[in-house]
Amino acid sequence: MTHAPMAAVWDELGGDPALLPGVSTVARAGALEAALPVRELARACVGACALAAAELGARRAGLARSPRVSVDDGAVATAFVSERHLRIDGRAPVGFAPLSRFWRTADGWVRTHANYPHHRSRLLDALGAADDASAEDVASLLAGRSAREVEETVYSAGGLAVALRTPQEWAAHEQGLALARRPLIEWDGPAGGSGARPRVLSPLPAGAPLLPAAGVRVLDLTRVIAGPVATRTLALLGADVLRVDGPLLPEDPDAHADTGFGKRSTVLDLTADRRAFDELLASADVVVTGYRPGALDRFGLSPEALAERDPGLVVAQVSAWGTYGPWGGRRGFDSLVQVATGIAVTEGSPGRPGALPAQALDHGTGYLLAAAVLRALTERAESGRGRVVRLALARTAMWLTTGIERQKAPDATSYLSKGGPGATPDPSKAEPGAAPTTSPRTAPDPSAGRPGGAPTPSAGQPGGAPDLSARQPGSVPTPSAGQPGGVPDPSAGEPYDRADAWLSERAGPLGRLGHALPPVSFAGGPTDWSRPPGRWGTDPARWA
């Protein structure tokens, strides 16, 4: 059986197809079970990232061939819900804010995101609610309004709310049409201009762990999950990753802890501290941005401006909806993209919206972004020129819904359905205005799990997977059987009934941390991060 999604992604990354036979997969029934082929997406994203790392590592170490890559469904499934496995001195992460959830409206459903104080304030202002409004107050306000009207009103006020749409409605939406015309991974460059700074990455020493990104300086301008997962992965592979945040935007300490492994974190005001920032930028190899498209333009930090400033720079941008179309400038999160693109209907039904078993759009896009950076670094070693690469959660969602065929796996009971992290919540604990939870695919209890968390789907519920045999415009081409990138029979490997094998503990500045191990694996490569996360914003603004 071929691993067609991985081969398709590797092609979009510009990788040599001759390397694909070096990838093997341990398939485990019960991993990331859903109506949609989430397991296949996750394998492909992690596998392509590991293959890109092995390719760069072989080049820098002078190896005759790339190290073999192994993709284990257990490691991948555990990492894709890493935020649920995080423990700090035994404490589980803080979950959804009370106003981040599904709500019934007069004509359907809307989902809001209000985990950050400024988003909560804008949501309440848009709805005409008091600052101390309860979930019951908001439910009452929304019950008499149209979902689409709420969406536009809240977004106009700078908040986040998305009306539930079917896959067909999203396919006909202007933003859906714009996404369908774009590839999964968008490349620009090599960058223009003639001021490329010479960059030579030193050979990797023999006998040491193979760290493909050793010596690479990564300026991390990202928040929440997708971007930080990408930079966390680059840190695993040896990069010097410095995350830079502004002093005024609040950060979720648990989200920072989950995605901060291997990195350092500093705070700079891009106006008052511009000289310090420019000094960092002048010697960076990679800049990764994850803010709303256009948000950094006024500081001269758009991808185009960065590439023009330094044509040898690798610039990677991730956004929710893409940088184009009517929603190109909107904020967004994984959970909201699922609602807009029809995923919530597929994983539930129009009357009972559901969610994926993981924030797979975030995590998958994060590993793809890291893979693209690694491939750009490999190409730069030949050309001396950087690249600009862009990914969007909504485009990853299109790939999931229309571009991947499910691979048959043996029946098994999912670990998540047995009460592990992300298990189906108790319907009796649903809050007012939340979606009914009689189906395991329906909306999760907002008080459980991390933002975007979701119950585990089970077979036999409404809203089963759509017919994926009909390809829509813009989907990633799927190689036919017999092409490179094969995997063994999915019956190989033990079922995914416990995550323990892919969890670890370590002490650090934040306390005793329990965490998911990295899923990116290749022969001779790292098996864990070199350092635990530190406290947010406490590192000096300089390279290591």
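Reading the values: the criteria
Residues numbered from 1 in each chain as written. Predicted model: local features only at pLDDT ≥ 70, side-chain atom pairs only at ≥ 80, totals over all residues. Heavy atoms only, no water. Helix = DSSP H or I, 4+ residues; strand = E, 2+ residues; numbered from the N terminus. Contact = heavy atoms within 4.5 Å. Areas by Shrake-Rupley, 256 points an atom, 1.4 Å probe, with all protein chains shown as cover. Pairing = 2+ DSSP bridges. Axes fitted to C-alpha atoms, helices over the stretch in contact; angles between N-to-C directions. Disulfide = S-S within 2.5 Å. Buried < 20%, exposed > 50% of the residue type's maximum accessible area, 1.4 Å probe, protein only. Arc of directions from axis to C-beta. Parallel < 35°, antiparallel > 145°, perpendicular 65-115°, else oblique. Left-handed = near helix turned anticlockwise from the far one by under 90°. Nonpolar A, V, L, I, M, F, W, Y, C, P; charged D, E, K, R; others polar. Salt bridge = Lys/Arg side-chain N within 4 Å of Asp/Glu carboxyl O. Polar contact = N/O pair within 3.5 Å; in protein donor to acceptor, adjacent residues only side chain to side chain. pLDDT = per-residue confidence, 0-100. Expected span 1.5 Å × (residues − 1). Right-handed = clockwise from strand over helix to strand, strands pointing away.

A. Up close: the overall build of the protein. Secondary structure assignment for the protein yields 17 helices and 15 strands. Taking the intrachain contacts of the protein between residues at least 6 apart in sequence as the baseline, contacts between residues at least 24 apart amount to 78%. Taken as a whole, the protein presents about 19300 Å² of accessible surface, with 52% of it coming from carbon and sulfur.

B. Region of the structure containing the sheet that holds strand S9 (residues 240–245). In spatial order, the strands read S7-S13-S12-S11-S8-S9-S10; together these seven strands make up an open sheet with mixed pairing. In this open sheet, the two strands that pair with only one neighbour each are strand S7 (186–188) and strand S10 (264–267). Taking each pair of neighbouring strands and ignoring which way they run, the sheet shows an average axis angle of 20 degrees. With four bridges joining them, strand S11 (residues 286–289) and strand S12 (residues 314–319) adopt parallel strand pairing. For threonine 289, the partnering residue across the bridge sits in S12 and is glutamine 317.

C. Representation of the state of the cysteines in the model. For the coordinates displayed, the defined rule picks out zero disulfides. With no disulfide of its own, cysteine 49 lies closest to cysteine 45 among cysteine sulfurs, the gap being 9.3 Å. Look at cysteine 49 and you get buried, because its relative accessible area is 0%.

D. How the structure looks around helix H5 (residues 117–127). For H5, every residue scored as buried is listed here: His119, Leu123, Leu124, Ala126 and Leu127. Down the axis of H5, the buried set is contained in an arc of 160 degrees. They therefore lie on one face. In this structure, H5 carries Pro117 and Asp125 as exposed residues pointing more than 90 degrees from its buried face. On its buried face, H5 is in contact with strand S5 (108–112), helix H6 (135–143) and helix H7 (147–156).

E. Structural detail: the packing of helix H2 (residues 38–61) against helix H17 (residues 393–402). The geometry of H2 relative to H17 is characterised by a closest axis approach of 9 Å and an angle of 125 degrees between their N-to-C directions. Between H2 and H17, the interaxial angle falls into the category oblique. Considering the relative orientation of H2 and H17, their crossing is right-handed. For the pair H2 and H17, contact is made by Val38, Leu41, Ala44 and Cys45 and by Thr396, Trp399 and Leu400, respectively. Split by residue class, the contact of H2 with H17 holds six nonpolar, one polar and no charged.

F. Local environment of the pattern of salt bridges. One pass over the full model with this rule turns up 27 salt bridges. The salt bridge partner of aspartate 73 is arginine 43, with a shortest N-O separation of 2.7 Å. With aspartate 73 in helix H3 (residues 73–79) and arginine 43 in helix H2, this pair connects stretches of sequence that are 30 residues apart. There is no split in this pair, since aspartate 73 and arginine 43 are both buried. Ionic pairing is found between arginine 145 and glutamate 149, a salt bridge with its closest N-O pair at 2.8 Å. Salt bridges sharing common partners tie together Glu55, Arg375, Glu379 and Arg387.

G. Looking closely at the packing of helix H16 (residues 360–383) against H17. Put simply, H16 and H17 touch, their axes get as near as 9 Å, and they point 100 degrees apart. Judged by the angle between their axes, H16 and H17 are roughly perpendicular. Every residue of H17 that contacts H16 at Leu361, Asp362, Thr365 and Leu368 is listed here: Leu393, Thr396, Ala397, Trp399 and Leu400.

H. Layout of the side chain of aspartate 73. For aspartate 73, a relative accessible area of 2% puts it in the buried group. From its side chain, aspartate 73 meets the backbone nitrogen of arginine 28 in a polar contact 2.9 Å long.

I. Geometry of the environment of serine 202. When you line up the elements, serine 202 lands in the loop between S7 and strand S8 (217–221). Taking the C-alpha atoms as reference points, serine 202 and alanine 61, separated by 141 residues in sequence, lie 9.1 Å from one another.

J. Expanded view of the confidence of the model for the protein. Put simply, the protein has an average pLDDT of 86, and 82% of its residues get 70 or more. Of the regions scoring below 50 in pLDDT, residues 410–491 engages in 221 contacts with residues more than four places distant in sequence or in other chains.

K. Inspection of H2 at higher detail. Helix length check: H2, at 24 residues, gives a terminal C-alpha distance of 34 Å against a target of 34 Å (1.5 Å per residue), a fit within 8%. Where burial is concerned, most of H2 is hidden: 22 out of the 24 residues are buried. Where H2 terminates, the next one or two residues include glycine 62, which has phi positive at roughly 70 degrees.

L. Expanded view of unusual backbone geometry. Backbone geometry at leucine 32 places phi at a positive 50 degrees, although glycine is not the residue there. Mapped onto the secondary structure, leucine 32 falls in the loop between strand S1 (23–26) and H2. The exposure class assigned to leucine 32 is buried, which follows from its relative accessible area of 6%.

M. Broad picture of the environment of alanine 370. Its place among the elements puts alanine 370 in helix H16. For the pair alanine 370 and threonine 233, spaced 137 residues apart in sequence, the C-alpha separation works out to 6.6 Å. Contact partners of alanine 370, with chain neighbours within four places excluded, come to Cys49, Ala230, Thr233 and Leu234.

N. How the structure looks around the pairing of S9. For S9, the tally of buried residues reaches six of six residues, placing the bulk of the element in the interior. Burial along S9 is two-sided: Asp240, Leu242 and Val244 and Val241, Arg243 and Asp245, pointing in opposite directions, are all buried. The pairing of S8 with S9 spans four bridges and is classified as parallel. Residue arginine 217 lies in a different strand from S9, and its bridge partner there is aspartate 240. Regarding the hand of the β-α-β motif, the stretch spanning S8, helix H10 (residues 226–236) and S9 is right-handed. Examined bridge by bridge, S9 and S10 share four bridges and lie parallel to one another.

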